[in-house]
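Coordinates in review
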Amino acid sequence: AKKAHAAKADQRRPQPETGVARFIRTRRPELILFAVALGLRLLVLVELSDCPSFAMPLVDSEIYDRAARGLAEGRGLGEAFYFQPFLYPFSLGVVYALTGSSIIAAKVVQALVGAITCALVAFLGARLFHRTTALLAGGLTAIYGPLLFFETELVATGWTAFWSVLLPLLLLVAERRPSRARLLVTGACCGLAVLTRPTFLPFVMAAIVWLGIRVGRRALRALLATIALIVVGFLSVTMPVAWSALTHTGEFRFLPASGGFNLFLGNNPDRCATLTIRPGQEWQEVVTSPRAAGAEGLWEEDRWFRSQVMEFMVQAPGACCLGIGEK
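Thresholds applied
Residues numbered from 1 in each chain as written. Predicted model: local features only at pLDDT ≥ 70, side-chain atom pairs only at ≥ 80, totals over all residues. Heavy atoms only, no water. Helix = DSSP H or I, 4+ residues; strand = E, 2+ residues; numbered from the N terminus. Contact = heavy atoms within 4.5 Å. Areas by Shrake-Rupley, 256 points an atom, 1.4 Å probe, with all protein chains shown as cover. Phe/Tyr/Trp six-rings, centres within 6.5 Å; stacked < 30°, edge-to-face > 60°. Lys NZ or Arg CZ within 6 Å of the ring centre and 35° of its normal. 1 Å grid on protein atoms, 1.4 Å probe; cavity = no way out; pocket = protein on both sides within 12 Å on 5 of 7 lines; lining within 4 Å. Points joined across faces, edges and corners; volume = space filled by probe spheres on them. Nonpolar A, V, L, I, M, F, W, Y, C, P; charged D, E, K, R; others polar.

**What about the overall build of the chain?**
- Secondary structure assignment for the chain yields 19 helices and zero strands.
- Taken along the three principal axes of its C-alpha coordinates, the chain extends 95 × 60 × 40 Å.
- A sequence separation of at least 24 residues applies to 67% of the contacts in the chain between residues at least 6 apart.
- Only carbon and sulfur atoms are counted for the fraction: they give 67% of the accessible area of the chain, which is about 18,200 Å².

**Looking at the packing of aromatic side chains**
- One pass over the structure, following the stated rule, counts 13 aromatic pairs.
- Above the face of the Tyr-96 ring, Arg-69 is positioned so that its terminal group lies 5.0 Å from the ring centre.
- The cationic tip of Lys-107 hangs over the ring face of Phe-54; the distance from NZ or CZ to the ring centre is 4.0 Å.

**Overview of the layout of surface pockets**
- Its volume calculated, the largest pocket comes out at about 1,400 Å³.
- Mapped by element, the contributors of at least two residues to the lining of the largest pocket are helix H4 (60-72), helix H5 (80-83), helix H12 (201-216), helix H14 (259-266), helix H16 (281-287) and helix H18 (298-315).
- Considering only residue class, the lining of the largest pocket consists of 23 nonpolar, ten polar and eight charged.
- Of the pockets and cavities examined, the second largest pocket occupies roughly 230 Å³.
- What lines the second largest pocket is a set of 14 residues, among which Leu-58, Val-59, Ser-61, Glu-153 and Val-155 lie closest to the centre.
- A per-class count over the lining of the second largest pocket returns nine nonpolar, two polar and three charged.

See the structure below:
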């Protein structure tokens with residue numbers, strides 16, 4: 001009788017929550033935000049499905065699409081993977097390989113990433129501000145029109161937004177609860193962000209130093225160990241890309257060959273014309289100008305554009321500084 005009574009008492013006693021159950025209970029508002037953001041993004045996809053360019057990518061989207069299809073069909077890594085930042089066309093190629101080159105599937109994946117970004121904004125905001133403020137920020141991200149639009153295009157904008165929220169969140173977690181695994185993961189994610197958008201690189205360099213100082217405090221050995229772990233994580237994802245570039249293009253680099261071209265567009269004697277140029281004959285003339293000057297291959301063209309910028313800076317330093325100030 002005593003055993004039966006004890007068994008009934010155990011049944012009435014609240015059972016300990018599992019990690020998933022506790023997460024759902026404590027993070028219900030963020031999960032609702034994720035669901036709403038995802039539903040809104042899928043609705044936008046449905047609304048845009050009748051647009052002629054929905055299944056016919058244009059400009060940069062067309063370059064990414066062509067490169068990804070080549071990878072999915074077994075043609076390997078072409079020059080497009082090294083002219084543009086590497087990660088987006090590669091991940092798009094993986095999605096194509098798994099879904100039979102479905103553009104719809106690729107855009108649904110991007111909608112999912114966009115919804116995760118909205119939830120991450122709320123998580124980041126909760127660490128820095130009040131939870132109400134955090135949820136408001138996540139809600140504003142969910143309905144922000146330009147982001148919604150670009151997440152439906154085959155471009156890296158959605159992934160860029162994702163990394164721009166995840167990296168600060170990872171840095172805060174690694175600072176408060178440092179461990180080897182967290183530091184390695186943070187470094188790897190920093191590398192993935194740079195492979196998505198190279199303009200993350202200055203932030204990543206500053207973040208590595210900041211985290212090293214915060215974790216290492218005044219102990220030089222701890223500071224150097226922290227920085228070393230993050231750098232190892234960073235190199236673990238960037239060096240394979242650099243080796244792949246060496247194998248396929250002859251140059252050991254993880255940054256894309258479009259850097260010089262983009263630098264030139266905004267830093268030349270006629271920058272207003274180059275910044276506002278649209279696809280067509282004029283665009284092709286700018287793109288092919290290194291070849292007309294005798295440059296061959298991705299990296300020679302990249303160096304030619306950089307040389308033009310350096311020449312402009314030397315010959316007209318005042319105009320160059322004025323242009324930077326205007327921008």
